[in-house]
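# Reading the structure
Spelled out from the first residue to the last, the chains are:
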Amino acid sequence: MGPGVVRELAEVVGSAHVVTDPELLAAHVVDWTGRFRGHSPAMVRPGSTAEVAGVLDVCRRHQVALVPQGGNTGMVGGGVPLAGELVLSSQRLTSAGDVDLAARQITVGAGVSVETVQLAAAAAGLRYAVDFGARGSATIGGSIATNAGGINVLRHGGTREQLLGVEAVLGTGDVVSRLSGLVKDNTGYHLPGLLCGSEGTLGVVTAARLRLVEAPSQVVTALVGFATIDDAVTAVSTWRRATDLLDAAEIVLAAGVQLVAATFGYPLPFDRPCAAYVLVEASDHDDPTERFAELVAGAVGVEQVAVATDAARRAALWRYRDEHTAAINTVGVPHKFDVTLPIGALAAFMADVPHVVAEVEPTAITWLFGHVGDGNVHVNVTGVAPDADHLDERVLGFVVSRGGSISAEHGIGTAKARWLSLDRSAGDVSAMRAIKRALDPAGILNPGVLLA
Ligand code: FAD
Ligand code: MLT
Ligand code: ZN
């Protein structure tokens, strides 16, 4: 990318917002896990949809590839410039409207963090239903681009279910904008739904209209220790059939809990370890604790239970789950496999996958945790080289052989692009490529991601 392009970009966004200093770029060319590292001539920070359109126009005319970047918390190497692309940061797209109480909606810029939306909703007595550990840094634009899931999917759905409209600049240069928040609006193709999960390959999201839900008035959280993984998975299936009150059902195993406690200096949750723990949360207008206790008492294999209803003790239980990602990063650069299995196949998969890893990487450590309520387990492997692709090939193939999906909530990114056809038919991939060609004919948006 020559100086002429930098000059044109500066004309669009102002020279203060074209960052070329390698020290300032450093944090933007490597991903959160440290597995994906690239380089970039510049990071550009447009402050409006019109400026995003201007940047894309410069890139199209000069055939400059770019990577949209939000909080850079993505897990699949999709938001970093691995092949020297320009970084387009959403840092300045931080406009935020008031909560529309009547409609229970809010309009925010793409660079607003998920936590900021949660706090704005809470201040208005409502709730933004999407939640996950990176809430403080992950942006609304990034969460739309990845269709982020998180811990509340079983009750409220993922990001796509909260998305009433988007504003975005497509690779063609067209600006699409539908932020009216009409709940029923069947006028043509549902572009917000298409952009959600498109991983920055079709357009740059600049703003979104989001659905808010009622805030729970009474919440109970429990950490339930089980004798086996099978008991834990079976209990969650049974609870889900018995009640609609569950907000979250997350699984962690003994080794992960031990690692989190040792890494952050927390006490172990119980005096003796359990094979598997379910962190389960329920909420209602009336105190759900009694109903919840009945369900836990009826489960097979329960060895220990800790229950909390006040915010501080609930947070103390959540840290054993939330801090898995950070704790595993201290062991080594992980290979992350974010996969879903049919619920009936999940327990056997979790028992078998460490052996599958050991077949190809005998000294690796396999860590398992995740969103058991919706069949999504995070298989993390440490002690292997970042480019040990044979491991990815083996694990993802194993997932598909058990009827699962190779991406539950993180997306395909660059990490899994080679294996897309394991999980999608030739027809599916061909339709995706046709959409990509139509909306990004110059191929400038995230060229290495998803359909590389
Ligand atoms: P980035 O990492 O910056 O980008 C992610 C992708 O979106 C890239 O492909 C990028 O090009 C694209 N993109 C970013 N902004 C835009 C935009 N404005 N327009 C178009 N494309 C864009 N994910 C889950 O789904 N569930 C979880 O439970 C979860 N927990 C996490 C916990 C931790 C501790 C961490 C570090 C990550 C977790 N993640 C989780 C992954 C990550 O936080 C999500 O994928 C999040 O949505 C990424 O948002 P971001 O703003 O950081 O996006
Ligand atoms: C989580 O659920 O904690 C995440 O999706 C992040 C991870 O996989 O590490
Ligand atoms: Zn997750």
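Residues numbered from 1 in each chain as written. Chains lettered and ligands numbered in written order. Predicted model: local features only at pLDDT ≥ 70, side-chain atom pairs only at ≥ 80, totals over all residues. Heavy atoms only, no water.

On to helix H1 (residues 3-13), then. Looking only at H1, the buried set comprises Val 5, Leu 9 and Val 13. For H1, the angular spread of buried residues about the axis comes to 60°, placing them on one side. Projecting away from the buried face of H1 at angles above 90 degrees are the exposed residues Pro 3, Arg 7 and Glu 11. Two residues or fewer after H1 comes Gly 14, characterised by a positive phi angle close to 95°. (Buried < 20%, exposed > 50% of the residue type's maximum accessible area, 1.4 Å probe, protein only. Helix = DSSP H or I, 4+ residues; strand = E, 2+ residues; numbered from the N terminus. Arc of directions from axis to C-beta.)

Moving on to a nonpolar patch on the surface. Together, Tyr 189, Leu 191, Leu 194 and Ile 435 give the surface a local cluster of nonpolar side chains, amounting to about 400 Å² of exposed area. Within the element layout of this structure, Leu 191 appears in helix H8 (residues 191-195). (Patch = residues over 30% accessible without salt bridge, like charges linked within 9 Å, V, L, I, M, F, W, Y side chains within 5 Å. Areas by Shrake-Rupley, 256 points an atom, 1.4 Å probe, with all protein chains shown as cover. Salt bridge = Lys/Arg side-chain N within 4 Å of Asp/Glu carboxyl O.)

To continue, consider the sheet that holds strand E1 (residues 18-19). Two pairing modes exist for strands in a sheet, parallel and antiparallel, and in both the strands are linked by backbone hydrogen bonds. Strand order in the open sheet made by the four strands is E1-E2-E4-E3, with mixed pairing throughout. Strands with a single pairing partner mark the edges of an open sheet, and in this sheet they are E1 and strand E3 (66-69). In this sheet, strand E4 (residues 86-89) lies alongside E3 in parallel orientation, the contact comprising four bridges. Note that in E4 the partner of Pro 68 across the bridge is Leu 88. Docked against the sheet, helix H3 (residues 49-62) engages strand E2 (43-44), E3 and E4, running at close to 170° with respect to E4. (Pairing = 2+ DSSP bridges. Contact = heavy atoms within 4.5 Å. Axes fitted to C-alpha atoms, helices over the stretch in contact; angles between N-to-C directions.)

Attention now moves to the coordination of the zinc ion (ligand 3). The coordination sphere of the zinc ion (ligand 3), as far as protein atoms go, consists of His 371 (NE2), His 378 (NE2) and Glu 409 (OE), spread over 1.9 to 2.1 Å. Along the chain, the residues donating to the zinc ion (ligand 3) fall in the pattern H-x6-H-x30-E. Of this pair, His 371 sits in strand E16 (residues 365-371) while Glu 409 sits in the loop between helix H15 (389-401) and helix H16 (420-423), placing them 38 residues apart in sequence. The exposure classification of His 371 matches that of Glu 409, with both residues buried. (Donors = N, O, S within 2.8 Å, 3.2 Å for Na, K, Ca; no water.)

Next up on the list: the pattern of salt bridges. Between side chains of opposite charge, a pair can form as their charged atoms come close. Considering all chains together, one arrives at 20 salt bridges under this definition. The shortest N-O distance in the salt bridge between Asp 322 and Arg 135 comes to 3.3 Å. Of this pair, Asp 322 sits in helix H12 (residues 311-322) while Arg 135 sits in the loop between strand E6 (126-127) and helix H5 (140-146); the two residues are 187 residues apart in sequence, bridging distant segments of the chain. We classify Asp 322 as partly exposed; its relative accessible area is 22%. A relative accessible area of 18% means that Arg 135 is categorised as buried. Residue Arg 291 pairs with Glu 294 through a salt bridge whose shortest N-O separation is 3.5 Å. Of this pair, Arg 291 and Glu 294 both sit in helix H11 (residues 289-297), three residues apart, which is roughly one turn of that helix. In this structure, a network of salt bridges that share partners links the residues Glu 8, Asp 57, Arg 60 and Arg 61.

With that out of the way, let us pick up the site of ligand 1. Around ligand 1 sit 34 residues, and of these Pro 68, Gly 70, Thr 73, Gly 74 and Thr 139 come closest. Asn 446 is positioned with one of its side-chain polar atoms (N or O) 2.9 Å from an oxygen atom of ligand 1. A total of 970 Å² of accessible area belongs to ligand 1 in isolation, and the protein chains cover 96% of it. Counting residues per element, the ones that place at least two in the shell around ligand 1 are E3, H5 and strand E9 (203-211). Counting residues per element, the shell around ligand 1 draws most heavily on H5, which supplies five residues. Residues of the shell around ligand 1, tallied by class, amount to eleven nonpolar, 21 polar and two charged. Viewed by domain, the shell around ligand 1 spans two of them, domain 1 (3-89) and domain 2 (105-214), each represented by three or more residues. (Near = heavy atom within 4 Å. Polar contact = N/O pair within 3.5 Å; in protein donor to acceptor, adjacent residues only side chain to side chain. Nonpolar A, V, L, I, M, F, W, Y, C, P; charged D, E, K, R; others polar. Domains from an automatic or database assignment.)

Checked against the element boundaries, Ile 144 lands in helix H5. In the structure, Ile 144 is positioned 270 residues away from Thr 414 in sequence and 17 Å away in space, judged by C-alpha atoms. Setting aside residues no more than four positions away along its own chain, Ile 144 makes contact with Thr 159, Leu 163, Val 166, Leu 195, Cys 196, Gly 197, Val 205 and Ala 208.

Let us now look at the pairing of strand E5 (residues 105-109). Within E5, four of the five residues are buried, which leaves it mostly tucked inside the rest of the structure. In this structure, E5 lies alongside E9, joined through five bridges in antiparallel fashion. Following the sheet pairing, Gln 105 is matched in E9 by Arg 211.

This part covers the site of ligand 2. Lining the immediate surroundings of ligand 2 are Met 75, Arg 321, Thr 325, Lys 336, Phe 369, His 371, His 378, Glu 409 and His 410. Take Thr 325: an N or O atom from its side chain is 2.9 Å from an oxygen atom of ligand 2. The contact in question runs from an oxygen atom of ligand 2 to an N or O atom on the side chain of His 378, over 3.0 Å. Calculation on ligand 2 without its partners gives an accessible area of 260 Å², and the protein chains cover 86% of this total. Across the shell around ligand 2, the residue classes tally to two nonpolar, four polar and three charged.

Here the structure, examined in full by the defined rule, presents one cavity of 30 Å³ or more. Here the largest cavity is characterised by a volume of approximately 70 Å³. Taken together, Thr 33, Arg 35, Phe 36, Met 75, Pro 334, Lys 336, Phe 337, Asp 392, Ala 415 and Lys 416 make up the lining of the largest cavity. Tallied by class, the residues present in the lining of the largest cavity amount to five nonpolar, one polar and four charged. For the lining of the largest cavity, the domains that each give at least three residues are domain 1 (3-89) and domain 4 (332-409). (1 Å grid on protein atoms, 1.4 Å probe; cavity = no way out; pocket = protein on both sides within 12 Å on 5 of 7 lines; lining within 4 Å. Points joined across faces, edges and corners; volume = space filled by probe spheres on them.)

In this section: the side chain of Glu 281. Mapped onto the fold, Glu 281 is located in strand E13 (residues 276-284). Residue classification places Glu 281 among the buried residues on the basis of a relative accessible area of 6%. Of note is the side chain of Glu 281, whose polar atom sits 3.3 Å from the side chain of Arg 314. When neighbours within four sequence positions are excluded, Glu 281 is seen to be in contact with Val 219, Val 220, Thr 221, Leu 245, Leu 246, Asp 247, Ala 248, Arg 314 and Trp 318.

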